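Descriptive structure summary
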Amino acid sequence: MIEIKNIEKSFGETKILKGVSTIFEAGKTNLIIGQSGSGKTVLLKSLLGIHTPEVGTISFDGRIYSDLNSDEKRELRTEIGMLFQGSALFDSMTVSENVGFPLKMFTNDNKKKIQERVDFVLERVALVGAHNKLPSEISGGMQKRVAIARAIVNNPKYLFCDEPNSGLDPNTATLIDNLIREITEEYNITTVINTHDMNSVMEIGEKIVFLKNGLKEWEGTKEEIFRTDNEAVVDFVYSSNLFKKVREAYLKE
Amino acid sequence: MLLRYLSQIGKYFLMWKEIFSKQTKWSVMRGLIFKEIDDLIIDSLGIVAFISFFVGGVVSIQTALNLNNPLIPKTLIGYATRESVILEFAPTFISVIMAGKMGSFITSSIGSMRVTEQIDALEVMGVNSLNYLVFPKLIAVLLYPFVIGISMFLGVFGGYIAAVYGGFGASSDFIDGLQINFEPFHVTYAFIKTFIFGILLASIPAFHGYYMKGGALEVGKASTVAFVWTSVLIILVNYILTQLLLT
Ligand SMILES: Nc1ncnc2c1ncn2[C@@H]1O[C@H](COP(=O)(O)OP(=O)(O)OP(=O)(O)O)[C@@H](O)[C@H]1O
Ligand SMILES: [Mg+2]
């Protein structure tokens, strides 16, 4: 469980996060939604410690991040898997090497054991036959899947995904969403996902936090998001006609 | 302005502290070191050899052409070539060239990892990214004096070839010249400089790459800035060391 209390983050003069509090529970897929530029990535990077909020606390199962010393921070980070918005694969390494990297760095497993685990997670993200390619030689969607494989290879306790399915075809996007939800339940991971994808919201939104202008405007589940009359949420989520109709149909039932 | 420089300098020294805190495990680090030796040292040998040989030749020819007075012995050609190659040309001039070659390679490779969030990815995994990226480079440049040793040898050799085969002096004159007033401490001095230049060559471009902000365009700018600072510092440190060690 991750609990954030009143975090504020500025860059220079502009305040991006203006006091956000919420709780992300373990074993659930927690979604952060909001318009482009609303501060989703900044929030996620604050959870990761890449950005340091000026105000507020973040606690990982009781461990308050800002109170940890740098060794304890690194220790905590080995329990975190992160999928970056731009994949952030190491471009001098092959797909296999990228995925096996956290294992090579932080376990004493031998090559064979690492390779087995790598093969296993690559198969889980439905990526076969690209083991020895470099990131520059595979498509953006494939890169994303490699990045997910890398994020989960070490059985993380916390998994953060910045737009896991942007740039993917609908099939693969659903596959990735389901994959994330499955492993979240299976291993009781605290998962936090940034997304603008309404399909994901409807499919896997067990808890949804809606950010607007650096503030938490609304939070709830995917069922509640159908019923809410919060204008900002309705404007954002139901901006497409299709989802408007879905909502109307849902409300009629 | 001054404050900004001071804070940069502070950050530079903090970087050093961070590089040596929490080491990457040796089985991984060993591979990284070999890769850096290949990229930074082995890859530089060709261009260093080329420049050294020909500039050594030019130094020798220039000296020969200025010897119009018959009272000055021909051995001066060998002597002057030795002194200028060992004292300045090989350690300093080559290092400034390396600030361009090695330096821009370091800044752009680390900088592009910064802009594509690869450094963030390392940090998030719990890797000490400064140690992972910079430490192997610092170990690799410990071999940099070896490069300069080759440069010294080839510079003098180039001078010899130019003098003898260009018809400016006899082989024996040149070789006698090489031995006049030979001060072993000059070689020591040259290698002390080289060692320090090597450390500057790896650490300053790494600093500029690691702490850069922005996108691909800024990677190019950071490389240029790193080159300017590295060469300025090499020249300044050269002056200070010469003052300290030779006077
Ligand atoms: N490192 C930074 N330095 C300065 N400003 C930043 C930095 N990172 C983000 N910002 C600013 O913070 C704001 C929020 O950015 P953020 O990346 O969190 O948006 P987002 O909600 O993730 O958008 P998107 O959906 O497009 O990814 C933007 O206005 C951006 O310009
Ligand atoms: Mg974002």
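What you see is a predicted model, and the numbers here were worked out from it, not measured in a lab.

It is worth spelling out the interface of chain B and chain A at this point. Many structure descriptions define interface size as the accessible area lost when the parts assemble. Taken together, the contacts link 19 residues of chain B with 24 residues of chain A. The contact between chain B and chain A buries some 1900 Å² in all, and 60% of this surface belongs to carbon and sulfur atoms. At the boundary of chain B with chain A, the tally comes to three salt bridges. In this assembly, chain B and chain A are joined by six residue pairs in polar contact (both at pLDDT 80 or more).

Residues and elements named next belong to chain A. Read from one edge of the open sheet, four strands run β2-β1-β4-β5, paired in antiparallel fashion. Each edge of the open sheet is held by one strand with a lone partner, namely β2 (14-24) and β5 (63-64). Summarising the sheet, strand β4 (residues 55-60) and β5 pair through two bridges and their orientation is antiparallel. In the sheet register, F60 faces β5, and the bridge partner there is R63. Contacts from helix α1 (residues 40-48) reach β1 (2-11), β2 and β4, with the element oriented near 115 degrees to β1.

This next bit is on empty space enclosed by the protein. In the structure shown here, the tally under the stated rule is three cavities of 30 Å³ or more. In this structure, the largest cavity is lined by 14 residues; those nearest its centre are I80, G81, P102 and R150 of chain A together with M125 of chain B. Here the second largest cavity defines a volume of roughly 60 Å³. A per-element tally of the lining of the second largest cavity places helix α4 (residues 111-124) of chain A first, with four residues.

Strand pairing in a sheet takes place through backbone hydrogen bonds and is either antiparallel or parallel in direction. Residue and element names in this part refer to chain A. The six strands are arranged β6-β7-β8-β3-β9-β10 in an open sheet whose pairing can be described as mixed. One side of each edge strand has no neighbouring strand; the edge strands of this open sheet are β6 (80-83) and β10 (215-220). The average angle at which neighbouring strand axes cross in this sheet is 15 degrees, direction not considered. Sheet analysis places strand β3 (residues 29-33) next to strand β8 (residues 190-195), joined by five bridges and oriented parallel. What sits directly across from N30, in β8, is V192.

The next point concerns the coordination of the magnesium ion (ligand 2). Looking at the metal site, the magnesium ion (ligand 2) is ligated by T41 of chain A (OG1) and Q85 of chain A (OE1), spaced 1.9 to 2.5 Å from it. Of the two residues, T41 of chain A sits in helix α1 while Q85 of chain A sits in the loop between β6 and α3 (95-106), which places them 44 residues apart along the sequence.

We now examine the UniProt feature "domain: ABC transporter" (unreviewed entry) in chain A. Taking the UniProt record as the reference, the feature "domain: ABC transporter" (unreviewed entry) is found at residues 2-238 of chain A. As a span, residues 2-238 of chain A carries 39% helix and 26% strand, and end to end its C-alpha atoms are 29 Å apart.

Positive phi is not limited to glycine here, since N155 of chain A has a value of about 50 degrees. Here N155 of chain A lies in the loop between α5 (140-152) and β7 (158-162). Notably, E117 of chain B is not glycine yet its phi reads approximately 65 degrees, a positive angle. Within the secondary structure layout, E117 of chain B lies in the loop between α3 (75-115) and α4 (118-125).

Residue and element names in this part refer to chain B. It is the contact of helix α5 (residues 129-140) with helix α8 (residues 184-210), at a shortest axis distance of 9 Å, that shows an interaxial angle of 155 degrees. One element, α5, and the other, α8, form an angle in the roughly antiparallel class. In the packing of α5 onto α8, the handedness of the crossing is right-handed. Judged by residue contacts, S129, L130, V134, K137 and L138 of α5 engage I199, A202, S203, A206 and Y210 from α8. Taken together, the residues of the contact of α5 with α8 sort by class into seven nonpolar, two polar and one charged.

On inspection of all chains with the given rule, the structure shows 18 salt bridges over all chains. Between R124 of chain A and E186 of chain A there is a salt bridge whose closest N-O contact spans 3.6 Å. Remark: E186 of chain A occurs in helix α6 (residues 170-186) and R124 of chain A occurs in helix α4; sequence separation between them is 62 residues. We note a salt bridge from K193 of chain B to E88 of chain B, for which the minimum N-O separation is 2.8 Å. Pair noted here: K193 of chain B is in helix α8 and E88 of chain B is in helix α3, with a separation of 105 residues, a long-range link. What emerges from the salt-bridge pattern is a single network uniting R124, E182 and E186 of chain A.

Rules used throughout
Residues numbered from 1 in each chain as written. Chains lettered and ligands numbered in written order. Predicted model: local features only at pLDDT ≥ 70, side-chain atom pairs only at ≥ 80, totals over all residues. Heavy atoms only, no water. Contact = heavy atoms within 4.5 Å. Buried area = accessible area lost by both parts, 1.4 Å probe. Salt bridge = Lys/Arg side-chain N within 4 Å of Asp/Glu carboxyl O. Polar contact = N/O pair within 3.5 Å; in protein donor to acceptor, adjacent residues only side chain to side chain. Pairing = 2+ DSSP bridges. Helix = DSSP H or I, 4+ residues; strand = E, 2+ residues; numbered from the N terminus. Axes fitted to C-alpha atoms, helices over the stretch in contact; angles between N-to-C directions. 1 Å grid on protein atoms, 1.4 Å probe; cavity = no way out; pocket = protein on both sides within 12 Å on 5 of 7 lines; lining within 4 Å. Points joined across faces, edges and corners; volume = space filled by probe spheres on them. Donors = N, O, S within 2.8 Å, 3.2 Å for Na, K, Ca; no water. UniProt positions renumbered as here; feature names shortened; annotations may be inferred. Parallel < 35°, antiparallel > 145°, perpendicular 65-115°, else oblique. Left-handed = near helix turned anticlockwise from the far one by under 90°. Nonpolar A, V, L, I, M, F, W, Y, C, P; charged D, E, K, R; others polar.

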